[in-house]
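Chain by chain, the residues run as shown.
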Amino acid sequence: MKLPSLAALALLLALSSPDRADSSAYDKIVTHSRIRAKNEGPNVCALQQVMGTKKKYFSTCRNWYQGAICGKKATVLYECCPGYMKLDGKRGCPAVAPIDNIYGTLGLVKATTTQKYSDMSKLREEIEGPGSYTMFAPSNDAWDLLDPVSPLGYKKAKETNENSPTGKLFFTVPLTISFDVCRLRCCPLQVVTVNCARIVHGNQVSTNGVVHVLDRVITAVGNTIKDVLEVDDDLSTLSTLAQESGLLDKLGEPGQMTLFAPTNEAFDKMDREVLERLKNDKGILQALLKYHLLKSVQCSEAIMAGASYETEEGANIEIGCDGDSLTVNGVKMVLKKDLVTSNGVIHLIDQVLMPDSAKQVMELIGSSQSTFSDMVAELGLAEAMRPEAEYTLLAPLNSVFSDEIMRMDQRLLKIILQNHIVKLKMTLSQLYNGQLLETLGGKLLRVFIYRTAVCIENACMVRGSKEGSNGALHLMKTLIKPAETSMYQILKVDGRFKIFLSLMKTAGLIDLLHQEGAYTLFAPTDDAFAGLSEEDLALLSSDVNALRTILLYHISNGIFINGGLESGVTNLLKSIQGRNLQVLSVNNSIQVNSLNVSDNDLMASNGVIHVVKTMLYPGDLPVGRQDLLLLLKRLIKYIQIKFIPGFSYTVIPLTFIKRTITTEITMEPEIQTFTRVIQTGPNVTTVTKVIENEPTVTKVTRVIEGDPTFTKVTRVIEGEVDPSVTKVTRIIEGDLTFNEHTRVVEGDPSVIKVTVEGEPSVTKVTRVIQGEPTITKVTRVIEGEPTITKVTRVIEGFSGELDTDGELKRILEEEVTRVMERLESDAHILEEEEIKRIIQAEGGKGFSTSVTRVFPGEPRIIEGPDFSKIDSDNPELIDAESERITKIIREGKPVKKRLAVKRGAVAMRRKRPMRRPANPRQ
């Protein structure tokens, strides 16, 4: 191998007009170094040299202050800036270097080895003559670093061919010139490279061109990235996957790319199941490979500090350096770097980079959410997520799981975490305000979008959302607590807001706390009214417009939780009254009108409640009465309320209140007519629905609204056109008592179940009358012929007959009360489960579970049926027990008349009044 041809390859002389290798970028690098060395004299540049090496770099802002390059300690050197020289006895570098031809300029820039081999290869006479050239000249150190077994075979050639120069060659080759220079005052990267060789001295002008000195010897390139993958045995797996994904052809196109190429060994390290899953989905496989491909050329010499770069997949990766090694996402994985091609550069890595888009949803969870991941796995929720389905994880940070939460019953914790898994894949861009998300636990979560936050119920997100192949991950600041009840129910159960609720009712605003919607309520506790007498409260309620104005100033449309408020600034919330509330969020607490909120983010199904201990009042709203002014001054001390004689409050139309009144229902055997009147504010809307059909099940609800007593009647008729079963439930809500009476008549009314419990007032009556022989279901279902009924009868000291029809009539007409605290003072429709709990009295708070009706005289107890005999397979035992019970009932409680069931319209006739005992009931 002869030296001239090798040297010619190395010199890379471009036959073109003088090119200053992006002089603007390079000049900025030099200018920064010149500033750093301004105290050393004119035209002096500051350089940093990595200790233990000959590598020198123009100083950068970050490296200058860190005193290190790629984690290696660096010392500062001062040299003449390119194009300038020292003069004896002069400070700095005051002289401009003389201009010579390219050959002479090589000596000026101390590229003497390149100059020597230009002479030996007969290149000298060309670069001394006329022309316009750009020469990339390796420095002397670059020649010394040349690998002795490289294709150039420099050292061997030097020893054997020093005295045999023959011929001269010129090469016009494609060059990749890259630079990465920021325009900020402190720039992390300031390097210009040519085919991944760093320019250490650039833009040295000569009479016939320009010279750039490089830190390594470069060679001509002609292969594309695709060509390299197809011929390199270590990259055969990558080549195959690129072919299967349809990406290989792109790697053969012209461009400026950087490929981090995993070797075969890197793919062998992957889990087999994961690799197979990737291979079986072309879209995911393509995303995986594109994550290894950058849209720009990034040579190792240009990486002096960590920086983020966008991949073809769309996500970013972090590229940095650690000494002489490159790092990817903080990991040293680069085996071989700077394989230059005609359309980019390749770095070989020993790991496969996995983008989020190729991961399954559980694989998205990071170390900051590891506790959530562990709990989801331990509680079996991960197994409940089907692989083919899509989910969204709302993962609380590790700090959320306090000791108290971790000690929680696992069944309850499982329910909580179920509400952190949404059934659909919802990325951040797909969320919108008011959206409802269904969870694995069946709850619906509300989405709130604010200026600077995205929140779900009471919990707001933090940065770090990810999108996987079958789901998305969002990081949450706190545990999510889905709303269960309305604002009214929360306030009532809490017990601290009795006066506020009373005032809302007096003002006709109580329905606002019940109805559906999205409100923010600053609710004053009873402490806010401390010291007020009944006369004071009456005065406050005397002017309904004033009362409404004050109360509606506490309520704003929209749900604003603490995490959704912009921190450190005043958030203006327009109240329903019309004036703004000034809300400030500081250090995870809230202030409204400069008052501290003692308790925030009480989530309700129709809004959120923030608790205050002082009444709020608009600062610019005057008062027109002296007595009211004195009262308000006692309540509101944080502002000065103005007094304007004769001022009157504006009437606020209650168009935002939704009042619902359900009217009478008319039923015919073949046609059912349902009429519903809904009154909203001053407007009345009537809706009539007619169903022309033969009814088999008809449900009628009638609600009568009044003050102070509300009555709810539910009537259900089941059967054919001529129904044989009638069930009537009547519930009257009023004063605090509750009584229950149940009567069942099956077939022959001599078989009766009567249970009377409680004090002498009765409010709930359930009566079931069944006509022709059918199966009766009361509290227990008896299969078979309906001849056996459970009878329980307790009568103390009562002799004579009990007229059941009369007794029912008396019970229905008596004064009614209630004991169940959770029933509201205004009407609402009881759901099936609620009625069931009331009847069964499941031991909940406020339920009456033991009531006894006492008649004077000696007690007489009639034993009920033996169900072990009833349930047996022996017909003789069943018949015997049936006869015994029938005899007991007839002897103990004769019934004069049978209750009639008319065919067609249902009607119940009471034949005779009940005979009452001589003594009053106790």
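Residues numbered from 1 in each chain as written. Predicted model: local features only at pLDDT ≥ 70, side-chain atom pairs only at ≥ 80, totals over all residues. Heavy atoms only, no water.

**Overview of the overall build of the protein chain**
Looking only at helices and strands, the protein chain has 27 helices and 47 strands in total. In the form shown here, the protein chain has an accessible surface area of approximately 46,000 Å², with 49% of it arising from carbon and sulfur atoms. (Helix = DSSP H or I, 4+ residues; strand = E, 2+ residues; numbered from the N terminus. Areas by Shrake-Rupley, 256 points an atom, 1.4 Å probe, with all protein chains shown as cover.)

**Let's talk about the sheet that holds strand E14 (residues 293–294)**
Strand pairing in a sheet takes place through backbone hydrogen bonds and is either antiparallel or parallel in direction. A sheet is described by the order of its strands in space; here four strands give the open sequence E14-E13-E20-E19, paired in mixed fashion. Each edge of the sheet is formed by a strand with only one pairing partner; in this case those strands are E14 and strand E19 (334–341). Pairing of strand E13 (residues 257–262) with strand E20 (residues 344–349) involves six bridges; the strand directions are parallel. Residue pairing for E20: Thr-258 is matched across the bridge by Val-345. (Pairing = 2+ DSSP bridges.)

**Some details on the nonpolar core**
Membership of the largest hydrophobic core comes to 48 residues, with the highest contact counts inside it found for Leu-491, Leu-513, Leu-521, Leu-540, Tyr-617 and Leu-632. If near-sequence neighbours (up to four positions away) are discounted, Leu-521 is found in contact with Met-487, Leu-491, Phe-500, Leu-513, His-554, Ile-555, Val-608, Ile-609 and His-610. (Core = buried A, V, L, I, M, F, W, Y, C linked by side-chain atoms within 4.5 Å. Buried < 20%, exposed > 50% of the residue type's maximum accessible area, 1.4 Å probe, protein only. Contact = heavy atoms within 4.5 Å.)

**Quick word on the packing of aromatic side chains**
One pass over the full model with this rule turns up four aromatic pairs. Each ring, one from Phe-448 and one from Tyr-450, has its centre 6.5 Å from the other, and the planes form 45 degrees; the classification is tilted. A relative accessible area of 14% places Tyr-450 in the buried class. Look at Tyr-450 and Phe-560: their rings are 6.1 Å apart centre to centre, the planes differ by 40 degrees, and that puts the pair in the tilted class. (Phe/Tyr/Trp six-rings, centres within 6.5 Å; stacked < 30°, edge-to-face > 60°.)

**Some thoughts on the state of the cysteines**
The tally for this structure, following the rule as stated, stands at four disulfides. There is a disulfide in this structure between Cys-196 and Cys-299, and the S-S distance comes to 2.0 Å. Handedness here is read from the sign of the S-S torsion; for Cys-196 and Cys-299, about -70 degrees, the answer is left-handed. With Cys-196 in the loop between strand E10 (190–194) and strand E11 (197–206) and Cys-299 in the loop between E14 and strand E15 (307–310), this residue pair connects regions lying 103 residues apart in the sequence. In this structure Cys-196 comes out as buried when scored by relative accessible area, which is 2%. (Disulfide = S-S within 2.5 Å.)

**Re the sheet that holds strand E26 (residues 459–467)**
Pairing is mixed across the open sheet formed by seven strands, whose spatial order is E22-E21-E27-E26-E25-E24-E23. Either end of the sheet is taken by a strand with one partner, and the two such strands are strand E22 (421–422) and strand E23 (436–438). Bridge count between strand E25 (residues 454–456) and E26: two bridges; the pairing is antiparallel. The residue bridging Ile-456 from the neighbouring strand is Ala-459, located in E26.

**Details of the confidence of the model for the protein chain**
Across the protein chain, the average pLDDT comes to 74, with 65% of residues at 70 or higher. Contacts for the low-pLDDT stretch residues 893–922, under 50 throughout, to residues beyond four places or in other chains number 72 contacts. (pLDDT = per-residue confidence, 0-100.)

**Considering the environment of Leu-288**
Examined against the element boundaries, Leu-288 turns out to sit in helix H13 (residues 282–290). Overall, the relative accessible area of 1% leaves Leu-288 in the buried class. Sequence separation between Leu-288 and Pro-355 is 67 residues, and the spatial gap between their C-alpha atoms is 6.2 Å. When sequence neighbours within four positions are dropped, the list of residues in contact with Leu-288 reads Leu-278, Val-352, Leu-353, Met-354 and Pro-355.

**Digging into unusual backbone geometry**
In the Ramachandran plot, Cys-196 falls in the positive-phi region, its phi being about 70 degrees despite a non-glycine side chain. Positive phi, normally seen in glycine, also occurs at Ser-594, with a value near 75 degrees. As for its placement among the helices and strands, Ser-594 is situated in the loop between strand E32 (589–592) and strand E33 (595–596).

**A word on the pairing of E20**
Summarising burial for E20: six of the six residues are buried, a large majority. By the alternation rule, side chains of E20 split into Gly-344, Ile-346 and Leu-348 and Val-345, His-347 and Ile-349, which are all buried. As judged from the five bridges shared by E19 and E20, these two strands associate in the antiparallel manner. Residue pairing across strands places Leu-339 opposite Ile-346, the latter belonging to E20. Remark: two residues form the turn of the hairpin made by E19 and E20, two consecutive strands paired antiparallel.

**Focus on the side chain of Ser-33**
With respect to the secondary-structure elements, Ser-33 resides in helix H2 (residues 23–36). Residues in contact with Ser-33, not counting those within four places in the same chain, are Val-44, Cys-45, Ala-46, Phe-58 and Ser-59.

**Brief notes about the pattern of salt bridges**
Applying the stated criterion across every chain, the model contains 21 salt bridges. With a shortest N-O distance of 2.8 Å, Glu-128 and Arg-124 are connected by a salt bridge. Of this pair, Glu-128 and Arg-124 both sit in helix H6 (residues 124–128), four residues apart, roughly one helical turn. Using a relative accessible area of 30% as the deciding quantity, one classes Arg-124 as partly exposed. (Salt bridge = Lys/Arg side-chain N within 4 Å of Asp/Glu carboxyl O.)

**Let's talk about the environment of Asp-536**
Relative to the helices and strands, Asp-536 is located in helix H21 (residues 534–542). Sequence separation between Asp-536 and Leu-628 is 92 residues, and the spatial gap between their C-alpha atoms is 9.1 Å. The contact partners of Asp-536, leaving out residues within four places of it in the chain, are Gly-531, Leu-631 and Arg-634. At a separation of 3.3 Å, a polar atom in the side chain of Asp-536 contacts the side chain of Arg-634. (Polar contact = N/O pair within 3.5 Å; in protein donor to acceptor, adjacent residues only side chain to side chain.)

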